[in-house]
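Secondary and tertiary structure notes
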Amino acid sequence: MSKGEPEIQSVDTPSVLELSEEFETLTVNKNSSIEIIIKENPSLTVFQWNEDEQTKEVALKDNKLNVPQKEGI
């Protein structure tokens, strides 16, 4: 960078979908159950996101969620 030229930095927070690209896709069977286990058992809220970044809360019971019959993201 030359003297007198401004340094440009991004201060935008990445979207949830951008952050999700860092994780491997988890493939599960339809109509199965997923148990989420985290140390110290924190309170959890799970959201289903679509490609338009619209969300829908997913019901959890005993830190388990049911996989729907219909395929999705």
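Up top is the structure these notes are about.
The structure displayed is predicted, hence computed values, not measured ones.

So, about the overall build of the protein chain. Counting its regular elements, the protein chain contains one helix and four strands. Reading the protein chain from its N terminus to its C terminus gives the helix and strand order α-β-β-β-β. Relative to the 2.2 N^0.38 estimate, which gives 11 Å for 73 residues, the radius of gyration of the protein chain is 18 Å and therefore markedly larger than a compact globule would have. Projected onto the principal axes, the alpha-carbon positions of the protein chain cover approximately 60 × 30 × 20 Å. Counting the 73 residues in the protein chain, one finds 8% classified as buried.

Here we come to a negative patch on the surface. On the surface, Asp 12, Glu 18, Glu 21, Glu 22, Glu 51, Asp 52 and Glu 53 cluster together into a negatively charged patch. Looking at the secondary structure, you find Glu 21 in the loop between α1 (16-20) and β1 (33-35).

Moving on to the side chain of Asn 63. Examined against the element boundaries, Asn 63 turns out to sit in the loop between β3 (55-58) and β4 (64-66). There is a polar contact of 2.8 Å between the side chain of Asn 63 and the side chain of Asn 41. In contact with Asn 63, not counting residues within four places along its chain, are Ile 34, Glu 35, Ile 36, Asn 41 and Leu 44.

Cut-off values and rules
Residues numbered from 1 in each chain as written. Predicted model: local features only at pLDDT ≥ 70, side-chain atom pairs only at ≥ 80, totals over all residues. Heavy atoms only, no water. Helix = DSSP H or I, 4+ residues; strand = E, 2+ residues; numbered from the N terminus. Rg over C-alpha atoms; globule rule 2.2 N^0.38 Å. Buried < 20%, exposed > 50% of the residue type's maximum accessible area, 1.4 Å probe, protein only. Patch = residues over 30% accessible without salt bridge, like charges linked within 9 Å, V, L, I, M, F, W, Y side chains within 5 Å. Areas by Shrake-Rupley, 256 points an atom, 1.4 Å probe, with all protein chains shown as cover. Salt bridge = Lys/Arg side-chain N within 4 Å of Asp/Glu carboxyl O. Lys, Arg positive; Asp, Glu negative; His and termini not counted. Charge placed at Lys NZ, Arg CZ, Asp CG, Glu CD. Polar contact = N/O pair within 3.5 Å; in protein donor to acceptor, adjacent residues only side chain to side chain. Contact = heavy atoms within 4.5 Å.

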